Each structure stands twice: as C-alpha cells, then as structure tokens.
Amino acid sequence: MMNNLIFSLGMGWATDLLIGDPEKLPHPVVWFGKMISFAEHRLNHGARRKAKGALTAVSLILFVFAVTWLLRKALLCTLPIWATVVFDAICIFYCLAGTTLIKEVLHVFQALEQSLDEGRKAVGRIVGRDTAQLSDQEVRKAALETLAENLSDGVIAPLFWLALLGVPGMLAYKMVNTLDSMIGYRTERYKDFGCIAAHIDDVANYLPARLTAFMMILVAGRPGLAGFVWRNGRRHASPNSGYPEAALAGILNCRFGGPHYYFGEIFDKPFIGENDRALTFSDARRAIWINRGAEVLMVSLVTLLLCLL
C-alpha cells in the first residue's frame, strides 16, 4: 500500500505543478467551507459558544477523516487497486496549493504595476486582512508574508500529515486549516466559537511550521539564519506563522509584520526583521524559488519515508 501511495503522491503533485487549483471544478475545501458556515450561522449565538465551537470543530475534523477512510476502504474492497491509487492522487492534488499560491503572489506584483487599487484587489484574494488602505509596500509585504505562511499551510503541513496518517489525515488537516481560516480569529464574533478550532490548528501546524522554516533556509543555502528564525519566529502572535515568515524575512533581508486590520479591528503584530526596505519584483521571484525548492525537498523526504516503510 505504501508503494501505491508513492505513485499517488507523484500523480497528485505533478497535477498540481501543471494546473494548480481548478477554478471550474468542485473543490473539497469549498465543501468544507460550506459545512463550517452552516454550523457557524446556526450555533454561534447565545450561551456556551466556546463549547459549541469545540463540538463543531472536532465533529467536522473526525467526519472528514472517517468519510475518507470509509471511501478508500470501499474502493479497496470492490474495485481494482488502481481505483484507490487514482482516488488518493485526486485527494493529494486537491490538498496541495503550491502552484496556485505562487500564481496569486505573482498576480499581486503584476497588478501593482498597473495600479495600487489593482494590487489591493489582487492581494485581497489571498489574505484575511483588510486591504482597502494598504500602501504599495504593504501590499507586497502582505503577499510575501502569505507566500511564506501558506508554504507551510498549503504544502508542507498537508504532506507531513499524509506521511503520518495517510490520505484521510491529509484531508482532515485541510478541514483543520479551513476551520482556522474561517473562524479562528480573535474578533468579537469568533473569539469564543473559533477558539478551539484555532488551538487545534496551532497543534496541527506546530512541527510543519518549524520544518518549513528549516527547509527554506536550507534551500537558500543560509543555515546560519536558524538563530534569526528562532528569535523572530517566537515574536509572532501565532505560535507557528512567525517561523516561515522569519525565514523569508531573513533570506530577503527585509521586515514583515506591523499593525493590520481584520474585519475592521486593528491587530498590532510585532515586526519580524529589521531592514524596512522597499520590496521589488525580484524579491517575489526569489521567494517563489525558495518555496519551490522547499516543496521539492519535502516531497522527496515523504517519498523516501514511504519507501522505507
């Protein structure tokens, strides 16, 4: 079965490299979002919001894991093995977001060359913060911060959970990540209902985020940045996001962080890095090269692990 999973990983990853997320095809994360939204609108009111949010998060994560496991079991019992290989490849393809993320970040930098408004619109597609008042420098910073953070969330962490718990674990992780991106905020509306979802996401990303940062500085040939990453990564409000952001800030010798608005409320994030220089298109290209290198390294490690198992 592990050798079959290697084939599935190769097929799924190659498909993501070629086409990225298909805009006109149904996507599991969209379905996850609809389930979360359905539960949130019906439960996020009245008393015991934290308990209801915890029940929602745990139930949805277990539901995704169980359904995926049962589907694979049914395929294995009723159809030739190639059907399960294809099913796994499709799931892996949908769980990886490396190519789409890179395309979106490139689009942000290209849109900025047209106008600031176009840049704000483009970056608004990939960040959760309010973008209407961002300067051109803040737009570039937002795009590169998201590129680093989502290398972990969209590539390294899914592959980590694939290696640990197989395809059901990989899809369950995507539900964890979707829950956090939708309700894991410290705003008035979500601070109680999304509290447990945010903590689950913190646990699920603890090792992948640090592994992501290590791979980034390794690919860049800058292992000496480990101390910088450790010092600055811990300063972030998130226990995980700061590490890949610190790695990219160190590699590019720039500064990330600062105050941002989310849903009309200001959050004063600590600065990561010291050199508040102007970011350019060449920085985006270098960051993308680092992302791709870390992605190749992680796929290689997971493949090696599956071979050994």
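Residues numbered from 1 in each chain as written. Predicted model: local features only at pLDDT ≥ 70, side-chain atom pairs only at ≥ 80, totals over all residues. Heavy atoms only, no water.

Novice: Is there a simple way to think about the overall build of the protein in this case?
Specialist: Summing up its helical and strand segments, the protein has 11 helices and 2 strands in all. Ordered by position from N to C terminus, the α and β elements of the protein give α-α-α-α-α-α-α-α-α-α-β-β-α. Its C-alpha radius of gyration of 19 Å places the protein within 12% of the 19 Å reference for a compact globule of 309 residues. Projected onto the principal axes, the alpha-carbon positions of the protein cover approximately 60 × 50 × 40 Å. Within the protein, the fraction of its 309 residues that count as buried is 52%. Taking contacts inside the protein between residues at least 6 apart in sequence as the whole, the part at least 24 apart equals 72%. Charge separation in the protein, taken as the distance between the mean sites of 31 positive and 27 negative side-chain charges, equals 4 Å. (Helix = DSSP H or I, 4+ residues; strand = E, 2+ residues; numbered from the N terminus. Rg over C-alpha atoms; globule rule 2.2 N^0.38 Å. Buried < 20%, exposed > 50% of the residue type's maximum accessible area, 1.4 Å probe, protein only. Contact = heavy atoms within 4.5 Å. Lys, Arg positive; Asp, Glu negative; His and termini not counted. Charge placed at Lys NZ, Arg CZ, Asp CG, Glu CD.)

Novice: Got a minute to help me understand the layout of surface pockets in this structure?
Specialist: Gaps left between atoms show up when a probe the size of a water molecule is rolled over them. Reported here for the second largest pocket is a volume of approximately 330 Å³. In this structure, the second largest pocket is lined by 15 residues; those nearest its centre are Pro28, Trp31, Phe32, Leu71 and Leu171. Contributing elements (two or more residues each) for the lining of the second largest pocket: α2 (28-43), α3 (49-78) and α4 (81-95). It is α3 that provides the largest number of residues to the lining of the second largest pocket, a total of 5 residues. Partitioned by chemical class, the residues of the lining of the second largest pocket number 14 nonpolar, 1 polar and no charged. (1 Å grid on protein atoms, 1.4 Å probe; cavity = no way out; pocket = protein on both sides within 12 Å on 5 of 7 lines; lining within 4 Å. Points joined across faces, edges and corners; volume = space filled by probe spheres on them. Nonpolar A, V, L, I, M, F, W, Y, C, P; charged D, E, K, R; others polar.)

Novice: Help me understand the packing of helix α10 (residues 242-252) against helix α11 (residues 281-308) in this model?
Specialist: Relative placement of two packed helices is described by the angle separating their axes and the distance separating the axes. The contact between α10 and α11 brings their axes to 11 Å, and the two run at 130°. By the criterion of interaxial angle, the relationship of α10 to α11 is oblique. The handedness of the crossing between α10 and α11 comes out as right-handed. Contacts between α10 and α11 involve Leu248, Ile251 and Leu252 from the former and Asp283, Arg286, Ala287 and Ile290 from the latter. When grouped by side-chain class, the residues that make up the contact of α10 with α11 number 5 nonpolar, no polar and 2 charged. (Axes fitted to C-alpha atoms, helices over the stretch in contact; angles between N-to-C directions. Parallel < 35°, antiparallel > 145°, perpendicular 65-115°, else oblique. Left-handed = near helix turned anticlockwise from the far one by under 90°.)

Novice: Help me out: how do you make sense of α2 in this one?
Specialist: Because each turn of an α-helix spans 3.6 residues, side chains separated by three or four positions end up pointing in the same direction. For α2, built from 16 residues, the straight-helix expectation of 22 Å at 1.5 Å per residue is met to within 8% by its first-to-last C-alpha distance of 23 Å. Within α2, the full set of buried residues consists of Pro28, Phe32, Gly33, Ile36, Ala39 and Glu40. Down the axis of α2, the smallest arc covering the buried residues is 135°, so these residues share one side. α2 presents Lys34, Phe38 and His41 as exposed residues on the side facing more than 90 degrees away from its buried surface. Structurally, α2 contributes buried residues whose contacts are with α3, α4 and α7 (136-183). (Expected span 1.5 Å × (residues − 1). Arc of directions from axis to C-beta.)

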